[in-house]
Amino acid sequence: MLFRSGPGSILSYTTSVCRIDFSNDSSTASVRGPLSSARYGLAATGNSNYGWFGGGNNPSAVGSPYLSIVDRINFSNDSATASVRGSLSAGRYYLAATSNTTR
């Protein structure tokens, strides 16, 4: 799956989750669902079961523009709509993430 969250224009921020199916030769991304909040500068990681997205920056957010939201996408269904699964200890942006899986 390929995920994109970022500035839609100078005045607004958008979020979208797009899926690329690697089991065929088509590289066309199809929209599946949004992240819980529009943002940029977030970190993402995942394994064969879930994709995780945390932090980010959204200057149009109420209060601090630095977000602490953690979203999770479940790969076992085709809707790929993210759900909020918790938060970071503080709002952070321009993070890095990694994962390790034995599969």
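Conventions used here
Numbering of residues starts from 1 in each chain and follows the order in which that chain's sequence is written. In keeping with the predicted nature of the model, local features appear solely for residues at pLDDT of at least 70, side-chain atom pairs appear and are counted solely at 80 or more, and the whole-chain, interface and lining totals rest on all residues. To obtain the side-chain values, all non-hydrogen atoms of the structure were included, while hydrogens and water were left out. Counting from the N terminus, the helices are DSSP H or I runs at least four residues long and the strands are E runs at least two residues long. The buried label goes to any residue with under 20% of its type's maximum accessible area, the exposed label to any with over 50%, and the partly exposed label to all in between, with areas taken from a 1.4 Å probe on protein chains only. Computed by Shrake-Rupley with a 1.4 Å probe, the accessible areas treat only the displayed protein chains as cover when residues are assessed. At least two DSSP bridges between two strands are needed for those strands to be called paired. We call Phe, Tyr and Trp rings a pair once their centres come within 6.5 Å, taking the six-membered ring for Trp, and we label the pair stacked below 30 degrees between planes, edge-to-face above 60, and tilted otherwise. Note on scores: pLDDT gives the predictor's confidence for each residue, bounded by 0 and 100. Each axis is a line fitted through C-alpha atoms, taken for helices only over the stretch in contact, and angles between the N-to-C directions span 0 to 180 degrees.

Quick look at the overall build of the protein chain
Piece 1. Each helix and strand in the protein chain was counted, giving zero helices and seven strands.
Piece 2. In the protein chain, the succession of helices and strands from N to C terminus is β-β-β-β-β-β-β.
Piece 3. Buried residues in the protein chain amount to 27% of all 103 residues.
Piece 4. Accessible surface, the protein chain: about 6,300 Å² in total, of which carbon and sulfur atoms supply 52%.

Some points on the pairing of strand β4 (residues 43-46)
Piece 1. With four bridges connecting them, β4 and strand β5 (residues 50-54) associate as antiparallel partners. Each bridged residue has a counterpart across the sheet, and for Ala-44 the counterpart in β5 is Phe-53.
Piece 2. Linking β4 to β5, which pair antiparallel, is a turn of three residues.

Observations regarding the packing of aromatic side chains
Piece 1. For the coordinates displayed, the defined rule picks out four aromatic pairs.
Piece 2. Ring geometry for Tyr-40 against Tyr-94: centres 6.1 Å apart, planes inclined by 65 degrees, an arrangement best described as edge-to-face. You can see Tyr-40 sitting in the loop between β3 (30-33) and β4 and its partner Tyr-94 sitting in the segment after β7 (83-87), a full 54 residues away along the chain.
Piece 3. You can call Tyr-94 exposed: its relative accessible area is 57%.
Piece 4. An aromatic cluster is built from Tyr-40, Tyr-66, Tyr-93 and Tyr-94, whose rings are joined through pairwise contacts.

A look at the environment of Leu-35
Piece 1. Secondary-structure assignment places Leu-35 in the loop between β3 and β4.
Piece 2. As for Leu-35 and Ser-83, which are separated by 48 residues in sequence, their C-alpha atoms are 7.5 Å apart.

Side note on the confidence of the model for the protein chain
Piece 1. Taken as a whole, the protein chain shows an average pLDDT of 77; of its residues, 81% reach a score of 70 or greater.
Piece 2. Of all helices and strands in the protein chain, the one with the weakest mean pLDDT is strand β1 (residues 2-7) (48), whereas strand β6 (residues 69-74) scores best (89).

Some points on the sheet that holds β4
Piece 1. Taken together, the four strands give an open sheet; going across it, the order is β4-β5-β6-β7, and neighbouring strands pair in antiparallel fashion. Here the strands that pair on one side only, and so sit at the sheet edges, are β4 and β7. Strand-to-strand, the axes of this sheet are offset by a mean angle of 25 degrees, without reference to chain direction.
Piece 2. The pairing of β5 with β6 spans five bridges and is antiparallel. By the bridge assignment, Trp-52 is partnered in β6 with Arg-72.

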